[in-house]
Amino acid sequence: MSSGASTARVPGIGMLRETGKLFALGLDVGRGIFQRPFQLREFIQQSWFIASVTILPTALVAIPFGAVISLQFGSLARQLGAQSYTGAGSVLATVQQASPLVTALLVAGAGGSAICADIGARTIREEIDAMEVLGVSAVQRLIVPRVLACMLVALLLNGMVSVIGVLGGYFFNVVLQDGTPGAYLASFSALAQLPDLWVGELKALIFGFIAAVVAAYRGLNPPPGPKGVGDAVNQSVVITFLLLFVVNFVITLIYLQIVPAKLD
Amino acid sequence: MGAEVVIEGLTKSFGKQAIWRDVTLTLPPGEVSVMLGPSGTGKSVFLKSMIGLLKPDRGKCVINGVDIVRCSEHKLYETRKLFGVLFQDGALFGSMNLYDNVAFPLREHTKKSETEIRRIVLEKLEMTGLAGAEKKLPGEISGGMRKRAGLARALVLDPEIILVDEPDSGLDPVRTTYISQLFLDVNAQIDATFLIVTHNINLARTVPDNLGMLFRKELVMFGPREVLLTSEEPVVKQFLNGRMDGPIGMSEEKDSATMAAERAMFEAGHHAGGVEEVVGIPPQMQPAPGVPERQGARRRKDRVMKILHTLPPAAQQGILDSLSPEDRRYYGIGEQHSTVGARRGQLPTEDVAQLPDGGGWREPQSTQSHPTQRLPRYDQGTS
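Only a predicted model underlies this, so the values are computations on that prediction, with no experimental measurement involved.

A description of the overall build of chain A should follow, citing residues and the corresponding values.
Tallying secondary structure elements over chain A gives 10 helices and zero strands in all. If you line up chain A on its principal axes, its C-alpha atoms span 65 × 45 × 35 Å. Counting over 264 residues, chain A shows a buried share of 45%.

Shown next as structure tokens:
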């Protein structure tokens with residue numbers, strides 16, 4: 001904790017140490033998921049809480065996001081004379097890339113920050129210590145249900161964003177770009193395939209996990225003082241965003257290598 | 001009977017900054033010990049290291065044969081169930097009311113029915129004077145009540161060791177005494193080992209069986225209360241009297257130049273603080289009438305009489321003076337030793353060495369419901 005910065009002599013070693021601890025917490029959580037008793041009550045409460053703070057903003061973000069992709073891709077496709085592929089392109093982009101990212105950003109921004117603030121406040125009030133001392137693992141009791149809740153909500157939101165994004169894209173393509181509804185719908189399955197949806201959902205799951213673990217880690221190890229909790233929340237969101245884009249890049253790369261693109 | 005805590009060579013540092021080095025002490029089972037020390041000497045860190053919340057760099061902390069510093073996580077959680085810890089502000093869970101807070105350990109670790117939990121929780125709340133406040137949230141009650149609720153929560157699992165972090169912080173002197181009385185009553189009832197970390201002198205002089213002091217990154221002394229209370233050590237004297245005159249400075253220890261300059265200032269008539277000279281060994285507080293006798297106190301008397309010849313003369317005198325006539329007969333000590341100065345410094349070692357053996361004092365058979373009987377514990381699965 002406080003030993004992190006003071007012993008750092010080699011530049012970057014502090015960062016490595018923090019990364020290691022974050023990873024260790026991730027492993028602990030992974031192990032905690034399979035440990036009994038499962039905190040069902042906490043899990044349901046947290047799922048409901050995270051869903052309630054993320055659903056509306058996610059839906060509101062999803063509509064313009066789908067529209068932008070559709071508009072951009074639509075005009076590009078028209079210039080190339082591939083209008084009939086408009087629907088195909090926007091579905092692919094929305095389902096595979098846009099919707100997991102939108103979901104994760106909102107889960108991290110709305111859900112993760114709330115988790116970090118909650119855990120951070122408990123840490124500085126010594127509640128976490130008290131719980132540990134009572135022989136109850138805080139990771140198992142508090143963190144695991146939150147991580148699972150984040151993952152579940154991310155998974156479900158991802159489905160919602162995909163639907164809303166595609167509908168938004170359809171609307172803007174048909175209404176503003178004079179696309180033909182039939183062509184848009186018919187080309188749906190021209191490029192996109194079922195694994196695209198699976199990978200989108202898998203990404204959402206992983207992003208939800210990352211967002212919650214980072215939030216919990218910063219919450220459990222806040223800088224000292226009440227201001228520290230504020231800083232920790234801020235950092236947790238920034239760190240999550242950074243990680244998300246890197247991980248997204250890696251997963252996309254792997255996916256494109258493993259699953260062949262569907263071009264007839 | 002409470003568990004014994006054996007600490008050997010415990011050392012803790014944050015980065016390069018050493019907090020304390022080579023702390024070695026034994027908390028005798030069932031006795032009340034107090035750890036004194038100026039602010040910032042790592043007393044709270046010491047408590048946290050004892051329960052494995054912080055990892056010491058070196059050393060051992062053995063409870064019931066388990067070394068907290070090095071044992072597996074599973075063992076650590078198991079051993080922690082023997083502890084009750086009272087944090088400075090009670091550390092209650094802010095989202096639960098007092099009843100749920102106190103019931104929390106029972107719900108987590110036992111398979112008791114709600115009616116049984118209710119009985120235990122209400123009993124502990126009653127014991128700590130919180131009957132009727134069970135529906136209140138921690139944010140709605142005073143600091144003293146939070147502290148007592150924290151104690152009630154620490155007590156529900158019938159701990160063998162109770163650690164208390166600054167019981168007097170935020171409490172007035174009267175409430176501090178009341179909570180001290182509560183500690184002694186609890187100790188008498190469940191015979192748990194107590195370690196209280198504080199810098200309250202009144203509490204330190206009247207409550208514990210054993211006193212220790214941390215200063216300059218080490219344990220200055222730890223032993224029967226008489227030893228520290230009669231100590232001529234400048235640090236101890238300064239601390240007990242609360243004066244500026246001495247080795248303890250505002251931030252940390254003083255260097256000799258500052259000390260000499262201050263010395264001159266005090267000799268020139270500057271008030272060094274403190275009210276009157278704190279000397280002697282005041283009588284120890286006792287459990288309230290109606291509460292069973294403290295078995296820890298009994299065992300301590302045997303223990304102290306055995307090591308009497310190793311203690312400094314002033315402490316020996318204090319201990320001998322505190323004995324009742326029956327005790328004197330029991331330990332075979334003549335009346336003449338009580339006259340101060342008569343054989344000061346000369347120890348009746350030969351008397352002490354011939355303690356009636358056979359275990360010394362015996363546990364009373366079947367008085368009070370078995371304090372050692374543990375609650376059936378719900379094992380959290382093997383991890």
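Can you lay out the overall build of chain B for me, pointing to particular residues and giving the numbers?
For chain B, the helix and strand inventory stands at 14 helices and 10 strands. Across the 383 residues that make up chain B, the buried fraction comes to 40%. Counting contacts in chain B only where the partners sit at least 6 residues apart, residues at least 24 apart contribute 70% of the total.

Describe in detail the domain arrangement of chain B, supporting the description with residues and values.
Where interface size is given, it is often the accessible area lost as the parts come together that is meant. Residues and elements named next belong to chain B. Taken as a whole, chain B is organised into domain 1 (5–226), domain 2 (231–267) and domain 3 (295–353). Put simply, the middle of domain 1 and the middle of domain 3, counted by C-alpha atoms, are 31 Å apart. Listed per partner, the contact involves nine residues of domain 1 and 10 residues of domain 3.

Can you explain the sheet that holds strand β7 (residues 161–165) of chain B? Please cite residues and give values.
Residue and element names in this part refer to chain B. The strand order β6-β7-β8-β3-β9-β10 describes an open sheet built from six strands, whose pairing is mixed. Two strands bound the open sheet, and with one partner strand each, they are β6 (83–86) and β10 (218–224). Ignoring which end each strand starts from, the neighbouring axes of this sheet average 15 degrees apart. Here four bridges tie strand β3 (residues 32–36) to strand β8 (residues 193–197), and the two strands are oriented parallel to one another. Looking at the pairing, V34 lines up with I196 of β8.

Describe the interface of chain A and chain B, and please don't skip the residues or the numbers.
At the junction of the two partners, chain A supplies 17 residues and chain B supplies 21 residues. Looking at the side of chain A that touches chain B, the elements with two or more residues in it are α1 (3–6) and α5 (127–133) of chain A. Counting residues per element, the side of chain A that touches chain B draws most heavily on α5 of chain A, at five residues.

Tell me about the sheet that holds strand β2 (residues 17–27) of chain B, and name the residues and values.
All names here are of chain B. Here we have four strands laid out as an open sheet, ordered β2-β1-β4-β5, and antiparallel in their pairing. This sheet does not close on itself; its edge strands, each paired only once, are β2 and β5 (66–67). Here strand β1 (residues 5–14) pairs with strand β4 (residues 58–63) via five bridges, running antiparallel. Within the sheet, the bridge partner assigned to I7 lies in β4 and is C61. Seen against the sheet, helix α1 (residues 43–50) touches β1, β2 and β4 and runs at an angle of roughly 120 degrees to β1.

Break down the pairing of β2 of chain B for me, citing the residues and quoting the values.
Residue and element names in this part refer to chain B. Where β1 and β2 come together, seven bridges link them in antiparallel fashion. By the bridge assignment for β2, I7 is matched with L25. In textbook terms, the turn of a hairpin is the stretch between consecutive antiparallel strands, and for β1 and β2 this stretch comprises two residues, one of which, G15, has a positive phi near 65 degrees.

Break down the pairing of β4 of chain B for me, with residues and values.
Residues and elements named next belong to chain B. When β4 meets β5, the two strands line up antiparallel, connected through two bridges. Directly across from I63, in β5, lies its bridge partner V66. Once β4 ends, the chain turns through two residues before running back antiparallel as β5, passing N64 with a positive phi of about 50 degrees.

Explain the environment of F46 of chain B to me, using residue names and the numbers behind them.
Residue and element names in this part refer to chain B. Considering the arrangement of structural elements, one finds F46 in helix α1. Taking the C-alpha atoms as reference points, F46 and Q286, 240 residues apart in sequence, are found 27 Å from one another. Setting aside residues no more than four positions away along its own chain, F46 makes contact with W20, M35 and L214.

Please provide a residue-by-residue account of the environment of G135 of chain A, values included.
Structurally, G135 of chain A can be placed in the loop between α5 and α6 (138–176). Looking at G135 of chain A, the number of C-beta atoms within 10 Å reads 20, which means it is buried. Setting aside chain neighbours within four positions, we find G135 of chain A in contact with Y77, R80, K81 and H109 of chain B.

Go over the packing of α6 of chain A against helix α9 (residues 194–220) of chain A with me, naming the residues and quoting the values.
Residues and elements named next belong to chain A. Between α6 and α9, whose axes approach to 8 Å, the crossing angle comes to 145 degrees. In the packing of α6 onto α9, the handedness of the crossing is right-handed. Taking contact as the criterion, the partners of I143, R146, V147, C150, M151, V153, A154, L155, N158 and S162 in α6 are, on α9, G200, E201, A204, L205, F207, G208, F209, A211, A212, V213 and A216. Per-class residue counts for the contact of α6 with α9 are 15 nonpolar, four polar and two charged.

I'd like a description of α9 of chain A, backed by residues and values.
Taking 1.5 Å per residue as the helical rise, α9 of chain A with its 27 residues ought to reach 39 Å, and the 39 Å between its terminal C-alpha atoms agrees with that figure. Judged by how many residues are buried, α9 of chain A sits mostly within the fold: 20 of 27 residues are covered.

Explain unusual backbone geometry residue by residue, including any values.
Residue D22 of chain B is not a glycine yet carries a positive backbone phi of 45 degrees. With a phi close to 50 degrees, R216 of chain B is a non-glycine residue in the positive phi region.

Go over the confidence of the model for chain A with me, naming the residues and quoting the values.
In the predicted model, chain A carries a mean pLDDT of 85, and 95% of its residues have values of at least 70. Counting contacts from residues 1–8 of chain A, a segment whose pLDDT is below 50, to residues more than four positions away or on other chains yields 14 contacts.

Quick rundown of helix α5 (residues 143–155) of chain B? Include the residues and the values.
Residues and elements named next belong to chain B. Helix length check: α5, at 13 residues, gives a terminal C-alpha distance of 18 Å against a target of 18 Å (1.5 Å per residue), a fit within 8%. Burial analysis of α5 places 10 of its 13 residues in the buried class, the great majority of the element. The complete set of buried residues in α5 reads R146, K147, R148, A149, G150, L151, A152, R153, A154 and L155.

Go over the confidence of the model for chain B, please, and point to the residues and values.
Residues and elements named next belong to chain B. When pLDDT is averaged along chain B, the result is 80; 86% of the residues meet or exceed 70. This stretch, residues 351–364, has a pLDDT under 50; its non-local contacts, to residues over four places away or in other chains, come to 16 contacts. Predicted complex, confidence summary: ipTM 0.71, pTM 0.77.

For the environment of R243 of chain B, give the residues involved together with the corresponding values.
Residue and element names in this part refer to chain B. You can see R243 is positioned in the loop between α9 (234–241) and α10 (256–267). Assessed through the 18 C-beta atoms surrounding it within 10 Å, R243 is described here as partly exposed. Counting along the chain gives 29 residues from R243 to A272, while the straight-line C-alpha distance between them is 5.5 Å.

The rules we used
- Residues numbered from 1 in each chain as written.
- Chains lettered and ligands numbered in written order.
- Predicted model: local features only at pLDDT ≥ 70, side-chain atom pairs only at ≥ 80, totals over all residues.
- Helix = DSSP H or I, 4+ residues; strand = E, 2+ residues; numbered from the N terminus.
- Buried ≥ 20, exposed ≤ 12 C-beta atoms within 10 Å, placed from the backbone.
- Contact = placed C-beta atoms within 7 Å.
- Domains from an automatic or database assignment.
- Pairing = 2+ DSSP bridges.
- Axes fitted to C-alpha atoms, helices over the stretch in contact; angles between N-to-C directions.
- Left-handed = near helix turned anticlockwise from the far one by under 90°.
- Nonpolar A, V, L, I, M, F, W, Y, C, P; charged D, E, K, R; others polar.
- Expected span 1.5 Å × (residues − 1).
- pLDDT = per-residue confidence, 0-100.

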